[in-house]
Amino acid sequence: MNINSALKVGVLGFGGLGQAAARILTPKQEMTWVAAADLKGYSYCERGLDPDKLISTYHEKGSIGYCDPYGTFSNKSIQDLLETKAVDGYFLALPNLPNTFMADVTKQFVASGWRGVLVDALKRTSAVEQLLNLKDELAQAGITYLTGCGATPGLLTAAATIAAQSYAEVHHVRISFGVGIANWEAYRATIREDIAHLPGFDVEKAKGMSDAEVKTFLDKTNGILTLENMEHADDIMLELAGVCARDRVTVGGVVNTRSPKKPLSTNVQVTGRTFDGKISTHTFTLGDETSMAANVCGPAFGYLKAGIELHRRGIYGLFTAAEIMPKFVK
Ligand code: NAD
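To start, this report covers the structure provided alongside it. (Residues numbered from 1 in each chain as written. Predicted model: local features only at pLDDT ≥ 70, side-chain atom pairs only at ≥ 80, totals over all residues. Heavy atoms only, no water.)

### Points about the packing of helix 1 (residues 16–25) against helix 2 (residues 51–61)
- Running from amino to carboxyl end, helix 1 crosses helix 2 at an angle of 165 degrees, the nearest separation of the two axes being 10 Å. For the element pair helix 1 / helix 2, the angle class is roughly antiparallel. The way helix 1 lies across helix 2 gives a crossing that is left-handed. Counting all contacts with helix 1, which are made through Gln19, Ala22 and Arg23, the residues of helix 2 involved are Pro51, Asp52, Ile55, Tyr58 and His59. (Axes fitted to C-alpha atoms, helices over the stretch in contact; angles between N-to-C directions. Helix = DSSP H or I, 4+ residues; strand = E, 2+ residues; numbered from the N terminus. Parallel < 35°, antiparallel > 145°, perpendicular 65-115°, else oblique. Left-handed = near helix turned anticlockwise from the far one by under 90°. Contact = heavy atoms within 4.5 Å.)

Structure representation (structure tokens):
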């Protein structure tokens, strides 16, 4: 792609992932980070925002709306940004709590007449299904939306799609992730959404837990969450990409909320039968030094760049991380 001027990108949600996204974007020449929103406000500067300033303001005062001079308070920060500011594409680093939240935000974009590119790091199959139902509306609105573009779903789902090419039939895709974070408060939505997968919990129950209740719960598990047979959209994405039926995809992992060290090496194993009858397994393992933030936000912007290329060619609608190759953002 010939990018004459840097792409103007925004980040919606300024928690753990949103802040990491800001830091990842800063050294990039092809993208300028111009916009960010949290629950209580937004910041916009078309020449580029300063991540240190926004992050310290967010921690000290609770909202980037306090940033002087680029901050604005609003209890409809997303709506205000999309109606008034020029942005080529957004990474939606928002909590999907309730499970319909991202689909509701998408409907907001469609209704506003905004045209551009959206990328999310959604996790649940049922959340991605809601977006699939919006495919036609997105196409008519002139929006190119790439869903499931984090680590899992995202990087590992795309890797599984590539690994599948060696086989005549794919028998099993097994994703195992290890996440280590120093404290759960840095990623409140991620941890609440993970708790929602545990036996006895659901999204509503996890959403309703106060911070003190989450802390008490994590005290009981020594800060560890062990997740098995999760409802994860890698399954529907691989089914839609024609790799295998969704019941052949399993996702689980271990999250340590008290140490940045990963409790296990994140990997995807793709087992299948080759054209000449051999059964084999490809394994793709992420480096242990790479954080969740690196493995989610890196792909998200790679897919955002790919989405902007599609948009410029007049290709709109909904795509998943398993059907489009991410581009590398310089
Ligand atoms: P977080 O709780 O740290 O931050 C959420 C941010 O969103 C906050 O800044 C909050 O103010 C803002 N926000 C909430 N409601 C808003 C609204 N209505 N308007 C504007 N801003 C609003 O979240 P996080 O831990 O960074 O997680 C973000 C999402 O990323 C979660 O849904 C999580 O599941 C997902 N995630 C995906 C992957 C993956 O690999 N696919 C991995 C990790 C996290």
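### Observations regarding the pairing of strand 3 (residues 41–44)
- Of the two faces of strand 3, both are covered, the one formed by Gly41 and Ser43 as well as the one formed by Tyr42 and Tyr44.
- Across three bridges, the pairing between strand 2 (residues 31–37) and strand 3 is antiparallel. Bridge assignment links Ala36 to a residue of strand 3, and that residue is Ser43.
- The loop that links strand 2 with its antiparallel partner strand 3 comprises three residues.
- Here strand 3 pairs with strand 4 (residues 71–73) via three bridges, running antiparallel. Looking at the pairing, Ser43 lines up with Gly71 of strand 4. (Buried < 20%, exposed > 50% of the residue type's maximum accessible area, 1.4 Å probe, protein only. Pairing = 2+ DSSP bridges.)

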